[in-house]
Amino acid sequence: EAAPSLEVGGAEQSSGTPTERRDGPEQSARSPPLRHEDIDLSIPPSVYDPDRGVDLVWDLMKHEARVEAEREPLLVSFLHSTILNHPTLESALSFHLANKLSAPAMISTQLMALIRGALDSSPEYRRTIRADMLAVRDRDPACTCLPDVFLYFKGFHALQTHRAAHILWKTGRRVLAHYLQSQVSQCLQIDIHPNATLGSGIMLDHGTGIVVGETAVVGHNCSILHHVTLGGSGKKGVDRHPKIGDGVLLGAGASVLGNVKVGDGCQVGAGTLVISDLPPRAVAVGVPAKIIGKYAEVSAQPAVGMDQVGSKEADSSIMFYMEGI
């Protein structure tokens, strides 16, 4: 039997919003609805359309959770209470994050209602959850299924809580937004200011030590590794944090400081210090950063390939500058 750890778990699952789709008879764990490779990562209406009851990411995650429950009986109750007992991904996510971040100051039922309210207020947030989840599944070879991302990847948890805090911040509930930021920093060791703007399809890999400042902007389909800092330069009220383009890969321990622009498709090597603008598709390493080459393809997105500078796969795509080596 599954026993959700939130007292209102059953009520949450039986109420729902008008757009929530109810699950029919449980699908056999032996017949997957589709593969994650077959899902369009841009999450078009053919992948997620709550008005038509379409949600391919949720369908696949439930299937994989059933498979994992068959494989590991000790996790049956956990998988049911966190995933399989819920009617929608939004219900499951609110429940799971609330259990991770609850504290005496705000118990899990209050947190669940707060996060669920943010989800219900923003169709874009709901679509972005699915893009973020698929980004991790697609880019991280250590991730074997969608329940892995949802249940265990703290970068994903921090990112989704930030998205809820960002909605609260933009609607004037700034004290609550700061509370969520503080809980994530304390529990997950990831610090993202609620005013920071993050695009969709983002992976925070490992996550520990990531810091993103108040006026930072991160584009779509970026990958950010552990101990990356998007830090400020200047005083309060100044637009003082980095602007990161689409498809950018920020290596472990990289620091980007000040209101500098990192162009689309850039790759910043591990431990690099960026204090000036980088043009699109640039490859930069060192302290301070030095551009050593650029990606040949105009559409290059190193964040998706995750090939580190110096690897055979990355080097085959980069045009190196002799003076930069």
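Here goes a summary of the coordinates provided. (Residues numbered from 1 in each chain as written. Predicted model: local features only at pLDDT ≥ 70, side-chain atom pairs only at ≥ 80, totals over all residues. Heavy atoms only, no water.)

## Considerations on the packing of helix 8 (residues 154-170) against helix 9 (residues 174-188)
We apply this condition: Axis definition: a line fitted to C-alpha atoms, over the contacting stretch in the case of helices. Angles run 0 to 180 degrees between N-to-C directions. Only DSSP runs of H or I with at least four residues qualify as helices, and only runs of E with at least two residues qualify as strands; both kinds are numbered from the N terminus onward. Convention used here: angles under 35 degrees read as roughly parallel, angles over 145 as roughly antiparallel, angles from 65 to 115 as roughly perpendicular, and any remaining angle as oblique. Crossing handedness: left-handed means the near helix sits turned counterclockwise from the far one by under a right angle, and right-handed means the same turn made clockwise. Contacts: residue pairs with any heavy atoms within 4.5 Å of one another. Any residue that is not Ala, Val, Leu, Ile, Met, Phe, Trp, Tyr, Cys, Pro, Asp, Glu, Lys or Arg is counted as polar, Gly included; the first ten are nonpolar and the last four charged.
Axis separation between helix 8 and helix 9 bottoms out at 8 Å; the angle between their running directions is 170°. What the angle tells us is that helix 8 and helix 9 run roughly antiparallel. In the crossing of helix 8 with helix 9, the sense of the turn from one axis to the other is left-handed. Along its contact with helix 8, which presents Lys-154, His-157, Ala-158, Thr-161, Ala-164, Ala-165, Leu-168 and Trp-169, the element helix 9 presents Arg-174, Leu-176, Ala-177, His-178, Leu-180, Val-184 and Leu-188. Class assignment of the residues belonging to the contact of helix 8 with helix 9 gives a composition of 10 nonpolar, 3 polar and 2 charged.

## Some details on helix 5 (residues 108-121)
Selection criterion: Here, expected helix span is obtained from the residue count minus one, scaled by 1.5 Å. Categorising residues by exposure relies on relative accessible area from a 1.4 Å probe, with only protein chains included: less than 20% of the type maximum marks a residue as buried, more than 50% marks it as exposed, and the intermediate range marks it as partly exposed.
With 14 residues, helix 5 extends 20 Å from end C-alpha to end C-alpha; this agrees with the ideal 20 Å at 1.5 Å per step. Ser-108, Leu-111, Met-112, Leu-114, Ile-115, Arg-116, Ala-118 and Leu-119 are the residues of helix 5 that are buried.

## A short note on the pairing of strand 16 (residues 282-285)
Spelled out, the test is: Two strands qualify as a pair provided that DSSP identifies no fewer than 2 bridges between them.
The pairing of strand 14 (residues 267-268) with strand 16 spans 2 bridges and is classified as parallel. Counted as the bridge partner of Gln-267 is Val-283 from strand 16. As judged from the 4 bridges shared by strand 16 and strand 17 (residues 290-295), these two strands associate in the antiparallel manner. Counted as the bridge partner of Val-283 is Gly-293 from strand 17. Linking strand 16 to strand 17, which pair antiparallel, is a turn of 4 residues; within it Gly-286 sits at a positive phi near 105°.

## Some details on empty space enclosed by the protein
Spelled out, the test is: Any residue with an atom within 4 Å of a point lines the site, the site being either a cavity, points on a 1 Å grid over the protein atoms alone where a 1.4 Å probe fits but cannot get out, or a pocket, an open set with protein on both sides within 12 Å along at least 5 of 7 lines. Grid points are joined across faces, edges and corners, and a volume is the space filled by probe spheres set on the points.
Per the counting criterion, the structure on display carries 1 cavity of 30 Å³ or more. Computed from the structure, the largest cavity encloses a volume of approximately 60 Å³. Every residue along the wall of the largest cavity is listed here: Ala-158, Thr-161, His-162, Ala-165, Leu-180, Gln-181, Val-184, Ile-190, Ile-192 and Pro-194. Counting residues per element, the ones that place at least two in the lining of the largest cavity are helix 8 and helix 9. No other element matches helix 8, which puts 4 residues into the lining of the largest cavity. Residue classes in the lining of the largest cavity are distributed as 7 nonpolar, 3 polar and no charged.

## Regarding the pattern of salt bridges
The line we're drawing: By definition, a salt bridge exists where a carboxyl oxygen of Asp or Glu is found within 4 Å of a side-chain nitrogen of Lys or Arg.
In this structure the tally under the stated criterion is 9 salt bridges. Taking the shortest distance from any N to any O, the salt bridge between Asp-55 and Arg-130 comes out at 2.7 Å. Highlighted residues: Asp-55 in strand 2 (residues 54-55) and Arg-130 in helix 6 (residues 123-139), separated in sequence by 75 residues. The residues Asp-55 and Arg-130 share a single accessibility class, namely buried.

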